[in-house]
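# Summary of the model geometry
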Amino acid sequence: MKIIQITAVSTTVKAFLLPLIEKLSEKGHQLIVITSDSIEDLIQNEILKKYNVKVYQAPIPRTLSPVKLYKAYQTLIKQFQTLKPDVVHTHTPVASLLARKAATKAKVPHIIYTCHGFYFHENMQPLKKKLFTWLEKNAAQKNTDYIFTVNQEDMDFALSNNFIKKDKIININSVGINTTTKFNPSLFSNKDKQTLKKELNLNQTNKIITFIGRLVAEKGIIELIDAFSMLKKERNDIKLLMIGETLQSDRDKKTKDIIKQTIQRNGLEKDIIFTGYRKDIANCLSITDTFVLPSHREGMPVSSLEAMSMGVPVVGTNIRGLREEIIEGKTGYIVPLKNPEQLATAIEKTLNKFSPPDETIRRHIIENFDEKKVLERQLKIYNEIKQKNL
C-alpha cells in the first residue's frame, strides 16, 4: 500500500514515527512523509533514505488562523489527489484535523489518526474544552476510520462520548520504548558514566535529578526550579540536569527569564546544568537518580517512560498519561499540579528510597510499554486494511 504519515513538525517523525515507518517499509509498503517545517533533516535521515521514503512539505500552521488553515487544507487536498495514497495516517492536533478533512475530500480510502493526547484536557477552561471536544468528535465521526490513542483515558473518553465505534479505536499504550538496544542500563559501563559526569562537571557523589523536555512553563519547569531550591537548602549533594531547549515554534518566551531570575536569587548557578538539546538521552539517564516531569498536560509522555526503562524512578504530576505510567511508591510518585512543596517532598522520597537502575521499575516498562508490542498493535490494523484492499 501507499501510506502517508503526516505531522505538523519534523521532530515528531524523528522522535516517534521512525520505528513504525521502518516496520511498514520492511513489509513492502511505500511510505511518504508530509510535514510543515524544514524537511532537509528528514531527507538525510538514514532510515528514510534506506527505504526510499519521499518527504514533502505542506504549510500546516500551529495556530488557528483561518487564512493559514484554509491554505493548508487546499494544499493537502492537492497533495493527496496527486499522490493517491491508500492510507493517510495523521499525527499532532492541527495537522490531524486538517489532513483528515482533506483526505476525505480527496477520497483517500483509509484514514488513521494517532491521538498523542487529545488537545483538550481536564484543566482547560470549560468553554474551550467544549469547543475542542466538538472538533475532535466531528472529525472522528466524519473523517476517521481508525483512532489510535496512546493512553486509556483518551480511549475511554472517546468511547463514552460516542466519537467512534468500539472496534475502530485502539489504545496502543504509548508510542513505544526501545528497551533492548537503546534504553537499557546494561549498555552503559561505569567508565561511560564517569566520562559523562566529568563532561557535565558532576562529581561521583552527586545525586542527579533530571528533567527532559521543552523549556516552557506548561512543562512545569518553574515549579521544578522552586522545588529544587527548597531541596538545596536541606542537602548539598544534589544537582539538577535540565535537558532540552525552547523551540522556535514555542510561543512561551517569558519562562527563560523567570528561571534565570529564580536561579540568581537562590544562588543556584553551579547546581543547575542546562545542557540544551542532546542526542545521548539514554546515557544521561544512566547517571540519573530521579527523573522529574512536573508537566501541566501530556498525552503519554515518552521521556518518563525512557527514564523508567533505564530503571530510574519518576516523579510526575497528577495528569493524563503520567497517572497510567507511574505506580505510586513502586516506580515513583505522583504529585498535585503546580505544587513545588509536594514536588520537593516526592523528589526527596525517591532519592532516599531508590537506587537506580531498579529492576522492578524497568520490568514495568518492558511488560507494558515496549516498542515491539506497540508496533504490533498498529501493524495489526494495517494488516486488516491491507486484507480489505486485496
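Our subject is the structure listed above.
Residues numbered from 1 in each chain as written. Predicted model: local features only at pLDDT ≥ 70, side-chain atom pairs only at ≥ 80, totals over all residues. Heavy atoms only, no water.

### Considerations on helix α4 (residues 66-83)
- Given a rise of 1.5 Å per residue, 18 residues ought to cover 26 Å, and the 26 Å separating the end C-alpha atoms of α4 matches this to within 8%.
- Among all positions of α4, only Leu 69, Ala 72, Tyr 73, Leu 76, Ile 77, Gln 79, Phe 80 and Leu 83 are buried. End-on, the buried residues of α4 take up no more than an arc of 170 degrees, which puts them together on one face. Of the residues in α4, the exposed ones pointing more than 90 degrees away from the buried face are Val 67, Tyr 70, Lys 71, Lys 78 and Thr 82.
- Packing partners of the buried residues in α4 comprise β1 (2-6), β2 (30-35), β3 (54-57), β4 (87-90) and α5 (93-105).
- Downstream of α4 by one or two residues, Lys 84 has phi in the positive range, about 50 degrees. (Helix = DSSP H or I, 4+ residues; strand = E, 2+ residues; numbered from the N terminus. Expected span 1.5 Å × (residues − 1). Buried < 20%, exposed > 50% of the residue type's maximum accessible area, 1.4 Å probe, protein only. Arc of directions from axis to C-beta. Contact = heavy atoms within 4.5 Å.)

### Considerations on the sheet that holds strand β12 (residues 314-317)
- Spatially, six strands are ordered β10-β9-β8-β11-β12-β13 in an open sheet, and the strand pairing comes out parallel. Of all the strands in the sheet, just β10 (272-276) and β13 (332-335) have a single pairing partner and so form its edges. On average, each strand axis in the sheet is tilted by 20 degrees relative to the strand beside it, whichever way the strands run.
- As paired elements, strand β11 (residues 290-293) and β12 share three bridges and run parallel to each other. The partner of Phe 291 across the bridge, within β12, is Val 314. (Pairing = 2+ DSSP bridges. Axes fitted to C-alpha atoms, helices over the stretch in contact; angles between N-to-C directions.)

### Notes on the packing of aromatic side chains
- Under the defined criterion, the tally for this structure stands at six aromatic pairs.
- Residues Phe 118 and Phe 163 carry aromatic rings whose centres are separated by 5.6 Å and whose planes lie at 65 degrees to one another, so their mutual orientation is edge-to-face. Here the residue Phe 118 occupies a position in the loop between β5 (110-115) and α6 (126-143), and Phe 163 occupies one in the loop between α7 (152-160) and β7 (169-171), the gap between them amounting to 45 residues.
- The class for Phe 118 is buried, based on a relative accessible area of 0%.
- Accessibility expressed as a relative area gives 1% for Phe 163, which makes it buried.
- Between Phe 157 and Phe 163, the ring centres sit 6.0 Å apart and the planes meet at 90 degrees, which makes this aromatic pair edge-to-face.
- In this structure an aromatic cluster arises from ring pairing among Phe 118, Phe 120, Phe 157 and Phe 163. (Phe/Tyr/Trp six-rings, centres within 6.5 Å; stacked < 30°, edge-to-face > 60°.)

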